Amino acid sequence: MSKEKTIAVNRKARHEYDLFDRYECGLVLQGTEIKSIRQGKLNLKDSYVSIRQGQAVIKGMHISPYAFGNRFNHDEIRDRSLLLHKREILKLDQATRIKGYTLVPVRLYLSKGLAKLEVALAKGRDLHDKRENAKARDAKREIEKAMKSRIRN
């Protein structure tokens with residue numbers, strides 16, 4: 001039994017991008033942010049990761065204020081640093097600059113009480129690619145349905 005609890009999944013990323021290499025990174029949080037995360041009060045939908053001056057930063061991730069916090073509650077949409085090894089940051093920076101990949105957060109989960117973010121290298125899909133994937137998924141579903149009914153008979 002794993003000790004991971006998935007808090008949020010970025011379903012839009014799987015639809016909009018082709019996902020490749022995945023990396024696990026920690027988050028630098030302030031104040032009551034971890035309490036809001038544990039309650040599931042966050043949104044990864046419009047967030048992305050950028051690398052500036054040797055630091056990986058997630059931008060656009062919304063963490064709602066903690067309901068029982070005081071006037072020192074955290075800022076909802078602030079840039080949060082990601083904890084990665086220096087070699088990983090250099091590799092990701094090269095992939096985004098040279099190869100044209102994008103860094104997209106895929107899911108946020110708790111592992112042994114610590115907030116972890118899964119980040120993926122991604123390439124954007126065209127509209128016709130999205131339609132082809134939807135058609136293929138529907139065809140696969142129909143085939144499985146037909147096979148299931150055939151096995152029953």
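Reading the values: rules and limits
- Residues numbered from 1 in each chain as written.
- Predicted model: local features only at pLDDT ≥ 70, side-chain atom pairs only at ≥ 80, totals over all residues.
- Heavy atoms only, no water.
- Helix = DSSP H or I, 4+ residues; strand = E, 2+ residues; numbered from the N terminus.
- Rg over C-alpha atoms; globule rule 2.2 N^0.38 Å.
- Salt bridge = Lys/Arg side-chain N within 4 Å of Asp/Glu carboxyl O.
- Buried < 20%, exposed > 50% of the residue type's maximum accessible area, 1.4 Å probe, protein only.
- Expected span 1.5 Å × (residues − 1).
- Arc of directions from axis to C-beta.
- Contact = heavy atoms within 4.5 Å.
- Pairing = 2+ DSSP bridges.
- Core = buried A, V, L, I, M, F, W, Y, C linked by side-chain atoms within 4.5 Å.

*Asks:* What should I look at first to understand the overall build of the protein in this one?
*Replies:* Counting its secondary structure elements, the protein contains four helices and nine strands. Across the protein, helices and strands are ordered from the amino to the carboxyl terminus as β-α-β-α-β-β-β-β-β-α-β-β-α. Whereas a compact globule of 153 residues would reach a radius of gyration of roughly 15 Å, the protein reaches 19 Å, over 25% beyond that. Overall, the C-alpha framework of the protein stretches about 65 × 40 × 30 Å when taken along its three principal axes.

*Asks:* Can you walk me through the pattern of salt bridges in this structure?
*Replies:* Once their charged atoms are close, side chains differing in charge can pair, the charge on each being opposite to the other. Within this structure, the stated rule accounts for nine salt bridges. One salt bridge in this structure joins Glu118 and Arg22, with 2.6 Å as the shortest N-O distance. With a gap of 96 residues between them, Glu118 in strand E9 (residues 114-124) and Arg22 in strand E2 (residues 17-27) connect regions that are remote in the sequence. Residue classification places Glu118 among the buried residues on the basis of a relative accessible area of 13%.

*Asks:* In this structure, what is going on with helix H3 (residues 86-97)? I would like to understand it.
*Replies:* Helical periodicity: at 3.6 residues per turn, an α-helix aligns residues three or four positions apart in one direction. Between the first and last C-alpha of H3 there are 16 Å, a value that for twelve residues agrees with the 16 Å anticipated at 1.5 Å per step. Those residues of H3 that sit buried are Ile89, Leu92, Asp93 and Ala95. Taken around the axis of H3, the buried residues stretch over an arc of 165°, which confines them to a single face. Opposite the buried face of H3, at more than 90 degrees from it, the exposed residues are Lys86, Arg87, Leu90, Gln94 and Arg97. In this structure, the buried side of H3 is in contact with E2, strand E4 (48-52), strand E5 (55-59), strand E8 (102-111) and E9.

*Asks:* What should I look at first to understand the pairing of strand E7 (residues 80-83) in this one?
*Replies:* Each regular strand displays side chains that alternate between the two surfaces of the sheet. The alternating pattern of E7 places Arg80 and Leu82 on a buried face, while none of Ser81 and Leu83, on the opposite face, is buried. Direction of pairing for E2 relative to E7: antiparallel, over a ladder of two bridges. Each bridged residue has a counterpart across the sheet, and for Gly26 the counterpart in E7 is Leu83. As defined by bridge partners, E5 adjoins E7 across three bridges and the pair is classed as antiparallel. By the bridge assignment for E7, Ala56 is matched with Leu82.

*Asks:* Would you mind showing me how to read the nonpolar core here?
*Replies:* Across soluble globular proteins, you tend to see nonpolar side chains buried next to one another. Among the nonpolar cores identified, the biggest contains 26 residues, and Leu27, Leu42, Met61, Leu82, Leu108 and Leu117 are the most heavily contacted of them. The set of elements that each furnish at least two residues to this core consists of strand E1 (4-9), E2, E4, E5, H3, E8 and E9. Other than its neighbours up to four places away in sequence, Leu42 contacts Ile7, Ala8, Ile37, Met61, His62, Ile63 and Leu108.

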